[in-house]
Amino acid sequence: MSHNLSPQGLALALVWVGIVLAVTATASSLITGESRLMGIAAVGFFVQFAGWVRHGRRTGGAA
């Protein structure tokens, strides 16, 4: 059985949105010194994680 190891559809969108949100908020927090932005970065990390979980469920956990 062959599985596509790359996320697609909603899973791909969640992964990319999470990456962009986490990186942008982390960089902004470091540049401005606003520690509250790290909370937004944490949301980005969670969104990315949710995308990978959704992808893993679609592929049945195949690696």
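That block above? That's the structure.
Residues numbered from 1 in each chain as written. Predicted model: local features only at pLDDT ≥ 70, side-chain atom pairs only at ≥ 80, totals over all residues. Heavy atoms only, no water.

1. As for the overall build of the protein
What the protein contains, in helices and strands, is 2 helices and 0 strands. Within the protein, the fraction of its 63 residues that count as buried is 21%. Taking all contacts inside the protein whose residues are at least 6 apart in sequence as the whole, residues at least 24 apart take part in 67%. When the accessible area of the protein is evaluated, it comes to approximately 4400 Å², of which 69% is carbon and sulfur surface. (Helix = DSSP H or I, 4+ residues; strand = E, 2+ residues; numbered from the N terminus. Buried < 20%, exposed > 50% of the residue type's maximum accessible area, 1.4 Å probe, protein only. Contact = heavy atoms within 4.5 Å. Areas by Shrake-Rupley, 256 points an atom, 1.4 Å probe, with all protein chains shown as cover.)

2. A look at the pattern of salt bridges
This structure, assessed with the given rule, holds 1 salt bridge. Across the salt bridge formed by glutamate 34 and arginine 36, the nearest N and O atoms sit 3.0 Å from each other. The exposed category is assigned to arginine 36, whose relative accessible area is 66%. (Salt bridge = Lys/Arg side-chain N within 4 Å of Asp/Glu carboxyl O.)

3. Some details on a nonpolar patch on the surface
Together, Leu12, Trp16 and Val20 make up an exposed nonpolar region whose accessible area comes to about 300 Å². Checked against the element boundaries, valine 20 lands in helix α1 (residues 10–32). For valine 20, a relative accessible area of 48% corresponds to the partly exposed category. (Patch = residues over 30% accessible without salt bridge, like charges linked within 9 Å, V, L, I, M, F, W, Y side chains within 5 Å.)

4. A word on the packing of α1 against helix α2 (residues 37–59)
Where α1 contacts α2, the two axes come as close as 7 Å, and the packing angle between them is 160°. When the axes of α1 and α2 are compared, the pair comes out roughly antiparallel. When you trace α1 past α2, the crossing you get is left-handed. (Axes fitted to C-alpha atoms, helices over the stretch in contact; angles between N-to-C directions. Parallel < 35°, antiparallel > 145°, perpendicular 65-115°, else oblique. Left-handed = near helix turned anticlockwise from the far one by under 90°.)

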